[in-house]
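# Topology and contacts: notes
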Amino acid sequence: MKRTRILGWSAILVIFVAAFAMGFKVANEHSLDKGYEVGDMATDFSLKNVDDTMVSLSDFEEAKGFIVIFTCNTCPYAQAYEDRIMDLDAKYKSQGVPVIAINPNDPAAKPGDSFAKMKERAAEKGFTFPYLFDEGQKVYPAYGATRTPHVFILEKTASGNEVKYIGAIDDNYQDASQVEEKFVENAVDAMLAGKEINPKTTKAIGCGIK
Amino acid sequence: MNRLIVLVLVILVGACAEKKKESQEADGEVNEVSTEKTANADVKFPVYDFESFEPLLHKDDGATYVINFWATWCKPCIEEMPHFERINAEQKENNVKVILVSLDMPNMWKSRLEPYVENKDIQSEVVILDDPKQNDWIPKVSEEWGGGIPATLIYNKEKRTFYERGFTYEELNEALHQFIK
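Below is a short write-up of the structure. Remember, predicted model here, so these are calculated numbers, not experimental data.

Cut-offs and rules
Sequence order as written defines residue numbering, which begins from 1 separately in each chain. All chains are assigned letters beginning at A, and all ligands numbers beginning at 1, according to the order in which they are written. In keeping with the predicted nature of the model, local features appear solely for residues at pLDDT of at least 70, side-chain atom pairs appear and are counted solely at 80 or more, and the whole-chain, interface and lining totals rest on all residues. Computation of side-chain values covers all heavy atoms of the structure but excludes hydrogens and water. Only DSSP runs of H or I reaching four residues or more are called helices, and only runs of E reaching two or more are called strands; each is numbered from the N terminus. Remark: exposure states derive from per-residue accessible area (1.4 Å probe, protein chains only) relative to the maximum for the residue type, with buried under 20%, exposed over 50%, and partly exposed in between. As used in this structure description, the phrase polar contact means that two N or O atoms lie within 3.5 Å; if the pair is within protein, one of them must be able to donate a hydrogen and the other to accept it, and residues adjacent in sequence are counted only when both atoms belong to side chains. Directions are taken from the helix axis to each C-beta atom, and the arc is the one they span. Between any two strands, at least two bridges found by DSSP are needed for them to pair. What counts as a disulfide here is a pair of cysteine sulfur atoms lying within 2.5 Å.

Here we come to the environment of Asp61(B). Residue and element names in this part refer to chain B. By the secondary structure assignment, Asp-61 is in the loop between helix H2 (50–53) and strand E2 (64–70). The exposure class of Asp-61 is partly exposed, given its relative accessible area of 41%. When the C-alpha atoms of Asp-61 and Met-105 are compared, they prove to be 31 Å apart, with 44 residues separating the residues in sequence. There is a polar contact of 3.1 Å between the side chain of Asp-61 and the backbone nitrogen of Ala-63. A polar contact of 2.6 Å, which involves the side chain of Asp-61, links it to the side chain of Tyr-65.

This is the structure we're talking about:
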């Protein structure tokens, strides 16, 4: 009788511990899924560029910050923004805030986003910024990028690269001439001037990352 | 009895063949998008900006609305399309209305959207939402929406739920049955 009771208690304990462990695991995965919020410190990475060198944020010793853009070859929205991404690099690289483009798609799911195709696209368009391949798809989940194009503006601080803005490039994907608010430009200008960024996050339709 | 088995088999094989076809076609990637707008004057579907579209999200007529945001270039959207079509056909008597809201770009309306709807013989209502001010209207559909598609809003008088995800038929059916008793 006593033995049964001990067994019963042990079973309850095992179930309790297991449930706790499972709950903990789920909670953990959830916070990973969410990615960064404004104010978080962004992780550095070492990813292969279209010129076959490896690129990390720490390579840019003089940089004041970064415009990290998850983008790709195949997404119609990413294509609509290609020229504007080039304009951002032209405008802000000299001010110490270069564009770092990252293709997060798995070429097995999106053959048009293979490393070879990235090289072709970068050469065709004459990209002036690194166009990196998120091989193994480790970086985009850490940032919490969900679509292309998806922008993360980082400011280099003593304690790391702080996320200052997350969202869209501007408020009109269709027509650059009809843009009313240049979200990224306004955010970088404010960051460089030491002013409050507003808005700090924006939303846009994009292609889901595959 | 034997006939029944044969019929079930035929349906199953048919469904598999159809599925294979779908996924092959969805593999077609968009390699280049012209920024030129083709003449869209005679596009077959109603074109809304968000202001004129918004009433579709707040109808109070007793029906349950399944509002699916999609585009022809969005592979997971195309994959789940048959489930929405099936729900639309099966749930008519439960007063369920499926509205497929295309976010295709204007230069794709004639070249991709119309041929897709015609070739697949889509029966659900198709409308076009053409409003580039996405940061303004995405939160008005749902505060939870980050902007990814596929995304689906199910609502009726009593209840509304937003899903930024794709569905299997079973998942969609289950979600819908929280709205229809």
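The next point concerns helix H4 (residues 109–119) of chain B. Residue and element names in this part refer to chain B. Of all the positions in H4, only Trp-109, Leu-113, Glu-114, Tyr-116 and Val-117 are classed as buried. Each buried residue of H4 lies within a common arc of 155 degrees when the element is viewed along its axis, so the set occupies one face. Away from its buried face by more than 90 degrees, H4 exposes Glu-118 and Asn-119.

Residues and elements named next belong to chain A. Pairing between strand E1 (residues 41–42) and strand E9 (residues 160–167): 2 bridges, direction antiparallel. Directly across from Met-41, in E9, lies its bridge partner Glu-162. With 7 bridges joining them, strand E8 (residues 150–157) and E9 adopt antiparallel strand pairing. Paired with Phe-152 across the two strands is Ile-166, which belongs to E9.

Time to look at the state of the cysteines. This model, assessed by the stated rule, comprises 2 disulfides over all chains. Between Cys75(A) and Cys207(A) runs a disulfide, and the two sulfur atoms are separated by 2.0 Å. As the torsion about the S-S bond is roughly 75 degrees, the Cys75(A)-Cys207(A) disulfide counts as right-handed. One end of the pair, Cys75(A), is in the loop between strand E4 (65–70) and helix H2 (76–92); the other, Cys207(A), is in strand E10 (residues 207–208), and 132 residues separate them in sequence. Of the residues examined, Cys75(A) reaches a relative accessible area of 2% and is grouped as buried. Two residues, Cys74(B) and Cys77(B), share a disulfide whose sulfurs are 2.1 Å apart. Its S-S torsion of about 75 degrees marks the bond between Cys74(B) and Cys77(B) as right-handed, since a negative value means left-handed. By relative accessible area, which is 0% here, Cys77(B) ends up buried. Free cysteine Cys72(A): the closest other cysteine sulfur is in Cys75(A), separated by 5.1 Å. Judged by its relative accessible area of 2%, Cys72(A) falls in the buried class.

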